[in-house]
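Residue-level structure breakdown
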Amino acid sequence: MRQRAIIFLLICTLHPHVTWERPPLGSRGSYDPHATDSGKWYSCAQPPVPGGVFLMSDEEVLALREKVRSMFVHAYTSYMTYAYPKDELKSVSCGGLTSWGNCSLTLIDSLDSLVVLGFPQEFTRAASSLLETLEFDRDMNVSVFETNIRVLGGLLSTYLLGSKFDLLTKEQLDKLLHVAHDLGQRLLPAFDTVTGIPYGTVNLRHGVPPNETPITCTACGSSFTLEFGLLTLLTGDTRFEKVARRAVHALWSYRSMLGLLGNHIDTTNGKWTAHDASVGSATDSFYEYLLKASMLFNDAEYQTMFEESYKSAQRHLRIGLWYINVNMNSGQLTSTIFDSLMAFWPGMQALHGDFSDAVGTAAAFYYVWLRYGMIPDYWDIPSQRPSPLRPAYPLRPELAESLYYISRVQPNNMQWRSMARTMVESLDHYTHKPCGFCGIDDVRSRKLLDRMDSFFLAETLKYLYLIFDDTNWIHKGWVFSTEGHPFSFDLPPSTTSPHKGDKVWHPPKSTTMLHALLESESSPTDNQSNPNNSNKPKLSQCIDPWCQSHATVPMSLWEVPVALSCTPEGICFNPLLRTHSLNPE
C-alpha cells in the first residue's frame, strides 16, 4: 500500500500534464496542509497525501515571494528584539541563547540574506553595528566545523557583498577582513595533527583543549575548502588553503576499496571508528564541498575526487529513490534510516547535472514532508514512519535547498514551486509564533522547541524565497556554502594582505563543465533583460539594482510594537539593543 502511495504521488507530482487547482494563498492560521478537500482535482484521483502540483499565476508567485520575505522579517526582527546580541533566539520564551561562541551568531549568519532578500540598508546598519564590538579573543571552546561554516563563512560573504555592491566603506571592509583572518588563525591549531585531519573543538584563545577527543566526523574534517580557500585568496595567507586541502587528501586516502568513507575517524592515526558510509549526517558536506570547490576555484583535482566519490555513492548507497547506510568495506546494509540531512543530495545532483536522478529522489523526500508538514531528523524507510530516536524538525533547510537547485534547472516548471509553496504554508502554519519561528521537538505531536536555529534565516527562508524570484542577481556567478553563504566566482581584489611576503595561491586553470552548468541556468538580473518585468511596479523603498527588479504586492507583515524602531525597508529592531556589548553579563 505504501509503495503504491509513493508511486501514485510521484505520478501526480511529476507528470507535466497532471495539475490541480488549490485555493488562493491565505493568511496564516487559515490553512491546514493536511486537509484533503481544499481544492478541485483534475486528471488525477484524490492522492494518498495532500499537496502536489497546482496551477500558479504570476500574481501568486509574487505573493509567495513576499510571504517568504515577510516571514524573514518576522524571524529577523524577533531575533534582534528578543535575543541579540546572544547567538540564537528562544522563540517560545522570547529570550536569547548562547550556543555557538557568543558572537551574535544569528546576525552574522543572516547578513547576506538581508542583501539577497532586498534589505541593503539594514545590511549596512547591522554590519556596521556588529563591527564596532566583534572580536574573537575569548577563552571559549567552539566547534571548528560550525564556527567555520556559520561564522567565518558569514563574515566572508558579508565582505564579498559589502565590497561588490558598495554597502560598506573601505575602512569597514578592511576591519571585516581582519576579523575574519583573525578568526581563521584561531581555528588553525585544530589542524596540527599527524594526519592533517582537524580536531573537532578548539579554544579561541588557547588552541586545542588538553582533553579533546581525537575522533571527528568526515564532514567535520573536510568542509573547509570553500571558506579557507577564499580566505587565502582575499588575504594572501596560503596556510588556510594548504591545511584545508591536506585534510581532504588525508580523508580521501583512507577511503575503502569500494570508494566509500566512514563517518567518524581518529585524527591521530587515520583509523575509522565508525564504518557506516552514507550521504547524510556526518558525511554530507564531504561530497558537497568537493563539487562546490571545483566550481568556485575551477579546481580539477577536487572535480576528479568528486566524480569518483559520487559514482561510488550512487553504486553502493542508493536503493531505488532512497539512500541508505552501508559498511564502507563490505557494502552490507547497516541502516535503513533516511536522515533529514540527506535531503541536500538531490540539489547537489542537479548542480552536478544529474537531473533525472535528482527529480525522483527529491519527490521521495518531499513525500516525507507531506506526511507531517515537515521532515523528521530520522525517518524509517521500511515502515515509512518517523524514528522515535530523533523525531524532531529544527527548521532544517535541506529540502528547500534541493528544490531551489532543481528549480534553477527548470525555472519555468511550476511543479517545484508548488512543492515550495506547501513548505512555506506548513512552516507558517506550524512554526510561526509571536516571538519568531520554533523548531518542532516531535513531528508526530508537533511539540515545540524553544529555539530558532540560525540556519533558518541563513538557508531555509533564503532558498524558499529564491524559488519564487527568477530575476535575483544571486542566480549567476555565485556558489552557496553548506550554510547557504554566497561566494562569488568574480572575487574582489584583496583590501589588505597580512602576509604580503607570501605568494598568493591561485586555483588551477583547468576548464570544467560545472561553471557552464551554473551560468547556463541563470536568470535575467534586471528588468531591461527581462521584458516580462517591464510593467511591474517597483518597491518604493528600493534604491539598489537588485531590489529594483522586485515587484511589490500589499503586505500585512506583522504588528510592530511601539517600542521598536524601523528602517525605511520595514526592518524593525529594539534600539536599546543596538549598542550592547557582544559579551553581556
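This report concerns the structure included in the present document. Not measured: the values here are computed from a predicted model.

**Let's talk about the sheet that holds strand 13 (residues 337-339)**
Spatial strand order, 13-14-15: three strands in an open sheet with antiparallel pairing. Either end of the sheet is taken by a strand with one partner, and the two such strands are strand 13 and strand 15 (385-386). In this sheet, strand 14 (residues 378-380) lies alongside strand 13 in antiparallel orientation, the contact comprising three bridges. Each residue of the ladder has a partner; that of I337, found in strand 14, is D380. Contacts from helix 13 (residues 355-372) reach strand 13, strand 14 and strand 15, with the element oriented near 100° to strand 14.

**Remarks on the environment of A293**
With respect to the secondary-structure elements, A293 resides in helix 10 (residues 284-296). Once residues lying within four places of it in the same chain are set aside, the contact partners of A293 are T225, L226, N298, D299 and Y302.

**What to know about the sheet that holds strand 7 (residues 272-274)**
One open sheet accounts for three strands, arranged 5-6-7; its pairing is antiparallel. Sheet topology places strand 5 (215-217) and strand 7 at the edges, where each strand pairs with a single neighbour. On average, each strand axis in the sheet is tilted by 35° relative to the strand beside it, whichever way the strands run.

**Section: the packing of helix 12 (residues 345-352) against helix 14 (residues 398-409)**
Helix packing for two helices is described by the angle between their axes and how far apart those axes are. In the contact formed by helix 12 and helix 14, the axes pass within 7 Å of each other and the chain directions differ by 25°. When the axis of helix 12 is compared with that of helix 14, the two are roughly parallel. Both helix 12 and helix 14 take part in a crossing whose hand is left-handed. When helix 12 is examined against helix 14, the residues W345, P346, G347, A350 and L351 are found in contact with a partner set consisting of S402, Y405, I406 and V409. Split by residue class, the contact of helix 12 with helix 14 holds seven nonpolar, two polar and no charged.

**Things to note about the state of the cysteines**
Under the defined criterion, the tally for this structure stands at two disulfides. For C94, the disulfide goes to C435, at an S-S distance of 1.8 Å. With the S-S bond torsion at 80°, the cross-link from C94 to C435 turns out right-handed. With C94 in the loop between strand 1 (88-90) and strand 2 (95-97) and C435 in the loop between strand 16 (432-433) and strand 17 (436-437), the pair connects residues that are 341 residues apart, well separated along the chain. Residue classification places C435 among the buried positions, given a relative accessible area of 6%. One disulfide bridge connects C217 with C220, the sulfur atoms lying 2.2 Å from each other. Sign of the S-S torsion, about 85° for the bond between C217 and C220, identifies this disulfide as right-handed. On the basis of relative accessible area, C217 is assigned to the buried category, the value being 9%.

**Topic: unusual backbone geometry**
Of note, the bond from Y84 into P85 is cis; its omega dihedral lies within 30 degrees of zero at 15°. Checked against the element boundaries, P85 lands in the loop between helix 2 (58-82) and strand 1. Its identity as a non-glycine residue notwithstanding, A282 has a phi of 80°, on the positive side. Tracing the backbone shows A282 in the loop between strand 8 (276-277) and helix 10. Its identity as a non-glycine residue notwithstanding, R446 has a phi of 60°, on the positive side. Tracing the sequence through the fold places R446 in the loop between strand 18 (440-442) and strand 19 (447-448).

**Quick notes on the pattern of salt bridges**
Enumeration according to the criterion identifies 30 salt bridges in this entry. The salt bridge partner of R150 is E146, with a shortest N-O separation of 2.8 Å. On the criterion of helical spacing, the pair formed by R150 and E146 is a turn pair, its members being four residues apart in helix 5 (residues 144-164). Residue class for R150 comes out buried when judged on its relative accessible area of 4%. Salt bridges here are not isolated pairs; linked through shared partners, they connect E88, E146, R150, R451, D453 and E483.

**Some points on the packing of aromatic side chains**
Per the stated rule, a full pass over the model turns up 26 aromatic pairs. Relative to Y310, the ring of F306 has its centre 5.5 Å away and its plane inclined at 20°; by these criteria the two rings are stacked. Residue F306 and its partner Y310 are located together in helix 11 (residues 300-316), separated by four residues, close to a single helical turn. Each member of the pair, F306 as well as Y310, carries the same accessibility label: buried. An aromatic cluster of three or more residues is present, and its members are F286, Y287, F306, Y310, Y323, F344 and W345. Of note, R69 hangs over the ring of F119, and the distance from its end group to the ring centre comes to 4.1 Å. Over the ring of Y430 we find R446; its NZ or CZ atom is 4.2 Å from the centre of that ring.

Parameters and conventions
Residues numbered from 1 in each chain as written. Predicted model: local features only at pLDDT ≥ 70, side-chain atom pairs only at ≥ 80, totals over all residues. Heavy atoms only, no water. Pairing = 2+ DSSP bridges. Helix = DSSP H or I, 4+ residues; strand = E, 2+ residues; numbered from the N terminus. Contact = heavy atoms within 4.5 Å. Axes fitted to C-alpha atoms, helices over the stretch in contact; angles between N-to-C directions. Parallel < 35°, antiparallel > 145°, perpendicular 65-115°, else oblique. Left-handed = near helix turned anticlockwise from the far one by under 90°. Nonpolar A, V, L, I, M, F, W, Y, C, P; charged D, E, K, R; others polar. Disulfide = S-S within 2.5 Å. Buried < 20%, exposed > 50% of the residue type's maximum accessible area, 1.4 Å probe, protein only. Salt bridge = Lys/Arg side-chain N within 4 Å of Asp/Glu carboxyl O. Phe/Tyr/Trp six-rings, centres within 6.5 Å; stacked < 30°, edge-to-face > 60°. Lys NZ or Arg CZ within 6 Å of the ring centre and 35° of its normal.

Read these as layout, nothing more, since geometry by itself doesn't imply function.
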